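Each chain, letter by letter, is given below.
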Amino acid sequence: MQTIYKYQLEKPGTDYEVSGIPSGAKILRVDRQAHSIFLWALVDTKEFKETRFFEVRATGEEIPQDGRTRTFLNTFLINNGEYVFHAFEVSQYIQKAIK
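Residue indices follow the written sequence of each chain, beginning from 1 at its first position. At least 70 in pLDDT is required for a residue's local features to be given in this predicted model, at least 80 for side-chain atom pairs to be given and counted, and no such filter applies to totals for whole chains, interfaces and linings, which use all residues. Hydrogens and water are ignored here; the side-chain numbers use all heavy atoms of the structure.

Draft legend 1. Fine view of the pattern of salt bridges. Salt bridges are defined by distance alone: a side-chain nitrogen of Lys or Arg within 4 Å of a carboxyl oxygen of Asp or Glu. Going through the model one piece at a time under the given rule, you end up with 8 salt bridges. Notably, a salt bridge pairs glutamate 55 with arginine 57, separated by 3.3 Å at the nearest N-O pair. Each member of the pair glutamate 55 and arginine 57 is classed as buried. Three or more residues joined by partner-sharing salt bridges are found here, namely Glu55, Arg57, Glu61, Asp66, Arg68 and Arg70. Only protein chains enter the accessibility calculation, which uses a 1.4 Å probe. A residue is then buried if its area is under 20% of the maximum for its type, exposed if over 50%, and partly exposed in between.

Draft legend 2. A look at the sheet that holds strand β7 (residues 83-90). With antiparallel pairing, the 4 strands of this open sheet are ordered in space as β2-β5-β7-β6. Edge positions in the open sheet fall to β2 (15-22) and β6 (70-78), since each of these has one partner strand only. Direction aside, neighbouring strands of the sheet carry axes that sit 30° apart on average. Where β2 meets strand β5 (residues 49-58), 6 bridges bridge the pair, whose relative direction is antiparallel. If you follow tyrosine 16 over to β5, its bridge partner there is phenylalanine 54. Strands qualify as paired when DSSP identifies two bridges or more between them. Helix and strand labels come from DSSP, where a helix needs a run of H or I of at least four residues and a strand needs a run of E of at least two; each type is numbered from the N terminus. Every axis corresponds to a line fitted to the C-alpha atoms, with the helix fit spanning only the stretch in contact, and the corresponding angles, defined between N-to-C directions, vary from 0 to 180 degrees.

Draft legend 3. Layout of the sheet that holds strand β4 (residues 36-44). Strand order in the open sheet formed by 3 strands is β1-β4-β3, and the pairing between neighbours is antiparallel. Edge positions in the sheet fall to β1 (2-9) and β3 (26-33), since each has one partner strand and no second. The mean inter-strand angle of the sheet, taken between neighbouring strand axes irrespective of direction, is 25°. With 8 bridges connecting them, β1 and β4 associate as antiparallel partners. Residue pairing in the sheet places isoleucine 4 in a bridge with leucine 42 of β4.

Draft legend 4. Structural detail: the pairing of β7. For β7, the buried fraction is high: 6 of the 8 residues fall into the buried class. Looking at chain direction, β6 and β7 are connected through 8 bridges and run antiparallel. If you follow threonine 75 over to β7, its bridge partner there is histidine 86. Two successive antiparallel strands, β6 and β7, enclose a turn made up of 4 residues, where asparagine 79 displays a positive phi of approximately 55°.

Shown next as structure tokens:
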């Protein structure tokens, strides 16, 4: 059965590991609700659960060049537009250069 689930994230500027998302879930939005940041996803409740990785960065904040692939999800505002944040889904593995 398909439904929309909500997952809470923590403070911006860090990596988020979200466990228990049904495989193949489509991320719909990342935004603030009350005083927290949430991710909404369209999920098939019959699928097995997996862990996915996300990141929220402020405008002007440096994005690490760590070999991970970041897929942009959306931009959202906090404090009536005073702060602007950008959400990404991040590949789970960091690829380090071999010397």
